[in-house]
Amino acid sequence: MNNNSNANETSQRQAVPFPPMLFDLDGTLVDSAYQHVVAWHETFTDFRMDIPNWKIHRRIGMSGSFFLPGLLREIGHSANSATIKRLEKRHAKYFSPKIKTVRILPGARELLQHLSKIGLPWTIATSGERAKTEKLVKDLHLPESLPIVTGDDVKNAKPAPDIFLFASEKLGVSISDCIIVGDSPWDLLAGRRMKALGVGLRCGGYAKEELERAGAHLVYDDPAELLENLAELGIKEDKARIRRT
């Protein structure tokens, strides 16, 4: 084999594209996990359901249609579809005014801007409804063309992998090539089912050990720490690439 062939093969091995990244939203990019807990607490109180806040928090990251049946059965209440719809509607009522108190998590805006700058494909995949999502992402200054996927776009929300699978299709990439970034075990379990690399963030309130058990390859405190350590995921800034984009 001549030197030119060796050089070509080396060049091809080095020209590996950046791994696409799929981000959860609540508790991952915006600090909204505890507003959800309070909204659910207020909802259950209205329906005279005595459910401790810690049990609610343990299920944040799943859609109401997923976590409500199990939670209701624990306290001996009916888990029929009509009851679930009433609870979800009341939760939306209580959560909506709390959106104004939700803040962007440290480094979230800078992380997403950096990924766009270096040409790494990324998007957001959340179990939340689109109307609520549009309000939550307002301060992230997202590109207008970003193909955000919400719970309205799929039949099954997390921990089913549908949302992340649809998001990868929107980006035109294979889900198994993606890095899924989330704050809850449900995000990581969903990605694990599709053989995607998982990265956990502790800013949603789950412990490092819980995220690792669910499939997190690496765990960081928040988006700011993830941004500082992108090289650990094989994502290095390519000056030439940046100039071309």
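What counts as what
- Residues numbered from 1 in each chain as written.
- Predicted model: local features only at pLDDT ≥ 70, side-chain atom pairs only at ≥ 80, totals over all residues.
- Heavy atoms only, no water.
- Salt bridge = Lys/Arg side-chain N within 4 Å of Asp/Glu carboxyl O.
- Helix = DSSP H or I, 4+ residues; strand = E, 2+ residues; numbered from the N terminus.
- Buried < 20%, exposed > 50% of the residue type's maximum accessible area, 1.4 Å probe, protein only.
- Expected span 1.5 Å × (residues − 1).
- Arc of directions from axis to C-beta.
- Contact = heavy atoms within 4.5 Å.
- Polar contact = N/O pair within 3.5 Å; in protein donor to acceptor, adjacent residues only side chain to side chain.
- Pairing = 2+ DSSP bridges.
- Right-handed = clockwise from strand over helix to strand, strands pointing away.
- Core = buried A, V, L, I, M, F, W, Y, C linked by side-chain atoms within 4.5 Å.

Chemist: Go over the pattern of salt bridges, please, and point to the residues and values.
Modeler: Opposite charge on two side chains allows them to pair when their charged atoms are near. Under the defined criterion, the tally for this structure stands at 11 salt bridges. Note that Lys-132 is salt-bridged to Asp-26, the shortest N-O span being 3.2 Å. Placement of Lys-132 in helix H7 (residues 130–136) and of Asp-26 in the loop between strand S1 (21–23) and helix H2 (33–46) is noted, with a sequence separation of 106 residues between them. Asp-26 matches Lys-132 in its accessibility class, with the two residues each being buried. The shortest N-O distance in the salt bridge between Lys-208 and Glu-212 comes to 3.9 Å. Placement of the pair is Lys-208 and Glu-212 together in helix H10 (residues 208–214), with a separation of 4 residues, close to one helical turn. Overall, the relative accessible area of 40% leaves Lys-208 in the partly exposed class. Three or more residues joined by partner-sharing salt bridges are found here, namely Asp-24, Lys-158 and Asp-187.

Chemist: Quick rundown of helix H5 (residues 81–95)? Include the residues and the values.
Modeler: Taking 1.5 Å of rise per residue, the 15 residues of H5 would be expected to cover 21 Å, and the 21 Å separating its terminal C-alpha atoms lies within 8% of that figure. Those residues of H5 that fall on the buried side of the exposure criterion are Thr-83, Ile-84, Leu-87, His-91, Tyr-94 and Phe-95. All buried residues of H5 project into a common sector of 95 degrees when viewed along the axis, lining one side. Exposed residues pointing more than 90 degrees away from the buried face of H5 are listed as Ser-81, Lys-85, Lys-89 and Lys-93. On its buried face, H5 is in contact with H2, helix H4 (64–74) and H7. Here H5 starts with a cap whose side-chain oxygen sits 3.2 Å from the backbone nitrogen of Ala-82, and that cap is Asn-80.

Chemist: Residue-level account of the pairing of strand S4 (residues 197–201), with values.
Modeler: Most of S4 is tucked away: 4 of the 5 residues are buried. In the sheet, S4 pairs with strand S5 (residues 216–220) via 4 bridges, with the strands oriented parallel. For Gly-198, the partnering residue across the bridge sits in S5 and is Ala-216. Between the parallel elements S4 and S5, the chain passes through H10 in a crossover that is right-handed.

Chemist: A description of the nonpolar core should follow, citing residues and the corresponding values.
Modeler: Core analysis: the largest hydrophobic core is formed by 36 residues, its most contacted members being Met-21, Phe-23, Trp-122, Ile-124, Leu-140 and Leu-226. Secondary-structure elements contributing two or more residues to this core are S1, H5, helix H6 (108–118), strand S2 (122–124), strand S3 (179–182) and S4. In terms of residue count, H6 provides more of this core than any other element does, 5 residues in total. Apart from residues no more than four positions distant in its own chain, Met-21 is found in contact with Leu-115, Leu-120, Pro-121, Trp-122, Thr-123, Ile-179, Val-181, Leu-226, Leu-233 and Ile-235.

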